Amino acid sequence: MTSRRPHRLHTVPPLSPTLIDPTVDVVFKYIFGEPGASEDILMNLINDLLSLQDDRRIKDLTYVETQHPPGLYRQRGLILDLRVRDERGVTYNIEIQRQHTDPILHRAIYHASRIFARQLNTSDRFSAVSPVVILLLCNYSTYPDPHPVRVFTLTPYLPNISS
């Protein structure tokens, strides 16, 4: 009687959560960035993270180009993880960040400003600019408290001027 070698599939250990880490860029983009396959998952993620309710809830997403070449000589280019637009024209840039290497809020402002700037052509009015939301999914804490979600908005500021 001859012994049979075990089939290769029987020798491969089962996948564990440590083998497929969704905080790795390529895995994150595979899970959430496949047009035609990932829209529902990504819509649910954004709706839940931002607690969007009723008419603000996202019902449809379109994937948008993630590469922004430099606009001027010696200007820094930009490659985003995921960028989508909802049915109301709101743009969402979703970034996964594993390491605390840059001031993350400066980076978010830079991303938002580049996305805002690319919305207008020469003759367009500034009122044509649509909202931009930057979602930073960080694998580290940026603040010394336990709140996992923070929302920052641009707010007009009037200095306290005494007459």
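Each remark here, short or long, concerns the structure printed above.
A short tour of the structure in this document, coming up. Note that the structure is predicted; figures quoted are calculated from it, not measured.

**As for helix 2 (residues 25–32)**
Next, step 1: Listed in full, the buried residues belonging to helix 2 are Val 27, Phe 28 and Phe 32. An end-on view of helix 2 places all buried positions within 110° of arc, on one side of the element. Exposed residues pointing more than 90 degrees away from the buried face of helix 2 are listed as Val 26 and Tyr 30.
Next, step 2: Where helix 2 is buried, its residues meet helix 3 (39–49), strand 1 (61–63), strand 4 (82–86), strand 5 (91–97) and strand 6 (132–138).

**Structural notes on the sheet that holds strand 4**
Sheets are built from strands that pair by backbone hydrogen bonding, the pairs being arranged parallel or antiparallel.
Next, step 1: With respect to topology, four strands assemble into an open sheet ordered 1-4-5-6, the strand pairing being mixed. Edge positions in the sheet fall to strand 1 and strand 6, since each has one partner strand and no second. Direction aside, neighbouring strands of the sheet carry axes that sit 25° apart on average.
Next, step 2: Of the strand pairs in this sheet, strand 5 and strand 6 are connected by seven bridges, and their pairing is parallel. Across the sheet, Ile 94 pairs through a bridge with Leu 135, a residue of strand 6.
Next, step 3: Along the sheet, helix 3 contacts strand 1, strand 4, strand 5 and strand 6; its crossing angle with strand 1, the most-contacted strand, is approximately 115°.
Next, step 4: On the sheet, helix 4 (residues 104–117) packs against strand 4, strand 5 and strand 6 and is oriented at approximately 150° with respect to strand 6.

**Some points on a nonpolar patch on the surface**
Next, step 1: On the surface, Tyr 30, Ile 31 and Ile 41 cluster together to form a nonpolar patch covering roughly 300 Å² of accessible area.
Next, step 2: Looking at the element boundaries, Tyr 30 is found in helix 2.
Next, step 3: Judged by relative accessible area, which is 62%, Tyr 30 ranks as exposed.

**Digging into the packing of aromatic side chains**
Next, step 1: Summed over all chains, the structure comprises one aromatic pair.
Next, step 2: Judged by centre distance (5.1 Å) and plane angle (50°), the rings of Phe 28 and Phe 32 are tilted. Of this pair, Phe 28 and Phe 32 are both found in helix 2, four residues apart, which corresponds to roughly one turn of the helix.
Next, step 3: Among the residues examined, Phe 28 registers a relative accessible area of 2% and is labelled buried.

**Quick notes on helix 3**
The periodicity of an α-helix, 3.6 residues per turn, causes residues three or four places apart in sequence to face the same way.
Next, step 1: Looking at helix 3, one finds that the buried residues are Glu 39, Leu 42, Met 43, Ile 46 and Asn 47. Taken end-on, helix 3 shows its buried residues confined to a sector of 130°, consistent with a single buried face. When the buried face of helix 3 is taken as reference, the exposed residues oriented beyond 90 degrees from it are Asp 40 and Asp 48.
Next, step 2: Along its buried surface, helix 3 packs onto helix 2, strand 1, strand 4, strand 5 and strand 6.
Next, step 3: Positive backbone phi, at 50°, marks Ser 51, one or two positions downstream of helix 3.

**Here we look at the nonpolar core**
Next, step 1: Counting 16 residues, the largest nonpolar core has Leu 42, Ile 46, Ile 58, Leu 82, Val 84, Tyr 92 and Ile 94 as the members making the most contacts within it.
Next, step 2: At the level of secondary structure, the elements contributing two or more residues to this core comprise helix 2, helix 3, strand 1, strand 4 and strand 5.
Next, step 3: Not counting residues within four places of it along the chain, the set of residues in contact with Val 84 comprises Leu 42, Ile 46, Leu 61, Thr 62, Tyr 63, Val 64, Val 90, Thr 91, Tyr 92 and Ile 94.
Next, step 4: Counting five residues, the second largest nonpolar core, distinct from the first, contains Leu 78, Ala 112, Ile 115 and Val 132.

**Here we look at the pairing of strand 5**
Next, step 1: Burial analysis of strand 5 places seven of its seven residues in the buried class, the great majority of the element.
Next, step 2: Of the two faces of strand 5, both are covered, the one formed by Thr 91, Asn 93, Glu 95 and Gln 97 as well as the one formed by Tyr 92, Ile 94 and Ile 96.
Next, step 3: Relative to strand 5, strand 4 runs antiparallel, the two sharing four bridges. Within strand 5, the residue paired with Val 84 across the bridge is Tyr 92.
Next, step 4: Connecting strand 4 to the antiparallel partner strand 5 that follows it, the hairpin turn spans four residues, and Gly 89 within it adopts a positive phi of roughly 95°.

Rules used in this analysis
- Residues numbered from 1 in each chain as written.
- Predicted model: local features only at pLDDT ≥ 70, side-chain atom pairs only at ≥ 80, totals over all residues.
- Heavy atoms only, no water.
- Buried < 20%, exposed > 50% of the residue type's maximum accessible area, 1.4 Å probe, protein only.
- Helix = DSSP H or I, 4+ residues; strand = E, 2+ residues; numbered from the N terminus.
- Arc of directions from axis to C-beta.
- Contact = heavy atoms within 4.5 Å.
- Pairing = 2+ DSSP bridges.
- Axes fitted to C-alpha atoms, helices over the stretch in contact; angles between N-to-C directions.
- Patch = residues over 30% accessible without salt bridge, like charges linked within 9 Å, V, L, I, M, F, W, Y side chains within 5 Å.
- Areas by Shrake-Rupley, 256 points an atom, 1.4 Å probe, with all protein chains shown as cover.
- Salt bridge = Lys/Arg side-chain N within 4 Å of Asp/Glu carboxyl O.
- Phe/Tyr/Trp six-rings, centres within 6.5 Å; stacked < 30°, edge-to-face > 60°.
- Core = buried A, V, L, I, M, F, W, Y, C linked by side-chain atoms within 4.5 Å.

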